[in-house]
Amino acid sequence: MKRDDSTGRTPDTAGTDTSATSVDPSEAVDGTGPRQTWAALPWLVRTAVVWSTCLVLIAAGLYLVGRIAVLLAPLAIALAVTVFLTALLDPVQLLLRRLRLPAALAALLTVLLLLGILGGVGALVWTLTADQFGELSDELGQGLERTRDFVTSTLPVTDEQLNRVVEQARQAFGQSSLDPVAGVRTAGEVLGATLLALVLFFFMLKDGRSMWQWVLRRMTGPNREVTAEAGRAGWRTLGAYSRGTLLIAAIDAIGIGVALVLLDVPLALPLALITFFGAFVPIIGATVAGAFAVLVALAAQGPTVALLTLGAVILVQQTEGNFLEPLIMKRQVRLHPAVILVVVTGGTLVGGIAGAFVSVPIAAVAYRVVDTVHRHRR
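Quick summary incoming for the structure in this document.

Rules of the game
- Residues numbered from 1 in each chain as written.
- Predicted model: local features only at pLDDT ≥ 70, side-chain atom pairs only at ≥ 80, totals over all residues.
- Heavy atoms only, no water.
- Helix = DSSP H or I, 4+ residues; strand = E, 2+ residues; numbered from the N terminus.
- Buried < 20%, exposed > 50% of the residue type's maximum accessible area, 1.4 Å probe, protein only.
- Contact = heavy atoms within 4.5 Å.
- Areas by Shrake-Rupley, 256 points an atom, 1.4 Å probe, with all protein chains shown as cover.
- Salt bridge = Lys/Arg side-chain N within 4 Å of Asp/Glu carboxyl O.
- Expected span 1.5 Å × (residues − 1).
- Patch = residues over 30% accessible without salt bridge, like charges linked within 9 Å, V, L, I, M, F, W, Y side chains within 5 Å.
- Core = buried A, V, L, I, M, F, W, Y, C linked by side-chain atoms within 4.5 Å.
- Axes fitted to C-alpha atoms, helices over the stretch in contact; angles between N-to-C directions.
- Parallel < 35°, antiparallel > 145°, perpendicular 65-115°, else oblique.
- Left-handed = near helix turned anticlockwise from the far one by under 90°.
- Nonpolar A, V, L, I, M, F, W, Y, C, P; charged D, E, K, R; others polar.
- Polar contact = N/O pair within 3.5 Å; in protein donor to acceptor, adjacent residues only side chain to side chain.
- Bend = angle between axes of the 7 residues up to and from the residue.

Some points on the overall build of the chain
In step 1: Assigned secondary structure in the chain consists of 13 helices and zero strands.
In step 2: When its helices and strands are written in sequence order, the chain yields α-α-α-α-α-α-α-α-α-α-α-α-α.
In step 3: In the chain, buried positions account for 26% of the 378 residues.
In step 4: Counted over contacts in the chain with a minimum sequence separation of 6, partners at least 24 positions apart contribute 69%.
In step 5: Within the structure as shown, the chain displays about 24,800 Å² of accessible surface, and the carbon and sulfur contribution to it stands at 68%.

Shown next as structure tokens:
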């Protein structure tokens, strides 16, 4: 046995600390520990597990946010309308500021301009179409009846089967008797949300940029630059989307309205108004508005004019989708139609009509923000 030359004693090997190299007995015997099991899986399975977990967590987070927004519906709608209007009219406020107007005065004039436009357009539309919406309901009912007769006479479907399908659809949409108390409460919530949106709209125009600078000053290092760039990209995207959607909705309404007038279809102005509001829900809104126009044409003028109306609707929508939208929206706002359908459907299921309106701009802004952060870090 060798001795230690410096101390003259034999080295003690019995008390050596072996904890750093200790191995789980089960892993040492058969090598089937958690890490070994994970490493033994094919890379495709491991990748699928990781991505599935991430997607489930993201979907759960989005669903939770959506449910909270539904519970706080008046506040959520007021915030969404405020951000949309601010992005839409921010260039007007900037133009007034370049004329050396104070921030508060420029914001107040912008709000008054919005109220003037909405009030004037609303009064004009009400004067021209108030007595036609009842007739529109009758025409839609007649169009549905003629469609029903065509289906039962052409396809192997009986009246009982069609009635059963219609009743199931009504139950699915949850039609119930009107509740006066609920109606008053809903009217109060709408009024409160409108007033809140106007007040927030004024403050966003007046102090929005200073609020954003306050947020950026709380950040340090490279995070400030990334956040600033992502915020600018998201705001530009929202502004381009809001102004582009407004212009596209006006083009669709004018195009389909002119076609209905030329084809002598009654209620052209109410149908054009429905087309205008429907254009704010991409793909689905335009389809529903076009179906209304075809049903009215079928009830009033017969199948020939209904087919011509369908052709006019398809022509206007295809021209807008393939030529005008890429020119107006630019590439930074465009999303794939499959993505739009999924997003609109998810927004409708979570938040109803309001969810359908806000789902696409939220998705477009989120995509631009994530893409900007990714490119900056790369």
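Topic: the pattern of salt bridges
In step 1: The full count for this structure, using the stated rule, is four salt bridges.
In step 2: The salt bridge involving Asp371 is made with Arg368; its shortest N-O contact spans 3.8 Å. Placement of both Asp371 and Arg368 in helix H13 (residues 337-377) is noted, with a separation of three residues, approximately one turn of the helix.
In step 3: Given the relative accessible area of 16%, Arg368 is considered buried.
In step 4: For Arg375, the salt bridge is made with Asp371, and the minimal N-O distance between the two is 3.1 Å. In this pair, Arg375 and Asp371 both sit in helix H13, four residues apart, roughly one turn of the helix.
In step 5: The class for Arg375 is partly exposed, based on a relative accessible area of 38%.
In step 6: Several salt bridges converge on common partners, so that one network encompasses Arg368, Asp371 and Arg375.

Observations concerning H13
In step 1: Here H13 contains 41 residues, and its C-alpha end-to-end distance of 28 Å is more than 12% below the 60 Å for a straight helix at 1.5 Å per residue.
In step 2: Listed as buried for H13 are Ile340, Val344, Gly347, Gly355, Ala356, Ser359, Val360, Pro361, Ala363, Ala364, Arg368 and Thr372.

A closer look at a nonpolar patch on the surface
In step 1: Taken together, the side chains of Leu64, Ile68, Leu71, Leu72, Leu75, Leu79 and Leu196 present a nonpolar region at the surface, about 660 Å² in accessible area.
In step 2: Counting residues per element, the nonpolar patch draws most heavily on helix H3 (residues 43-71), which supplies three residues.
In step 3: When you line up the elements, Leu196 lands in helix H8 (residues 180-217).

Things to note about the nonpolar core
In step 1: Formed by 14 residues in total, the largest nonpolar core has its most connected members in Ile256, Leu260, Val265, Leu271, Ala297 and Ala306.
In step 2: Counting residues per element, the ones that place at least two in this core are helix H9 (222-262), helix H10 (268-278), helix H11 (284-301) and helix H12 (303-329).
In step 3: Element by element, the count of residues in this core is highest for H11, at five residues.
In step 4: In this structure, Leu335, Ala356, Val360 and Ala364 belong to the second largest nonpolar core, which totals eleven residues.

With respect to the packing of H9 against H10
In step 1: At a minimum axis distance of 8 Å, the contact between H9 and H10 shows a crossing angle of 155°. Compared by their axis directions, H9 and H10 come out roughly antiparallel. In the packing of H9 onto H10, the handedness of the crossing is right-handed. Facing H9, whose interface residues are Leu246, Ala249, Ala250, Asp252, Ala253, Ile256, Gly257, Leu260 and Val261, H10 presents Ala268, Leu271, Ala272, Thr275 and Phe276.
In step 2: Across the contact of H9 with H10, the residue classes tally to eleven nonpolar, two polar and one charged.

Details of the environment of Pro303
In step 1: Summarising the element assignment, Pro303 is placed in helix H12.
In step 2: Note: C-alpha distance between Pro303 and Arg146 (157 residues apart in sequence) is 9.4 Å.

Comments concerning the side chain of Ser242
In step 1: Along the chain, the position of Ser242 falls in helix H9.
In step 2: Here the side chain of Ser242 touches Gly239 through a polar contact of 2.9 Å, landing on its backbone oxygen.

Quick word on the packing of helix H4 (residues 73-98) against H9
In step 1: Between H4 and H9, whose axes approach to 8 Å, the crossing angle comes to 85°. For the element pair H4 / H9, the angle class is roughly perpendicular. Here Val83, Phe84, Thr86, Ala87, Leu88, Asp90 and Pro91 of H4 come into contact with H9, specifically with Trp235, Leu238, Gly239, Ser242, Arg243 and Leu246.
In step 2: The class makeup of the residues in the contact of H4 with H9 is eight nonpolar, three polar and two charged.

Remarks on H4
In step 1: The terminal C-alpha atoms of H4 lie 37 Å apart, and with 26 residues this matches the ideal 38 Å at 1.5 Å per residue to within 8%.
In step 2: A bend of about 50° at Leu89 is the largest found in H4, and the proline Pro91 appears one to four places after it.
In step 3: Arg100 sits one or two residues past H4 and shows a positive phi near 70°.

Structural measurements only, silent on function.
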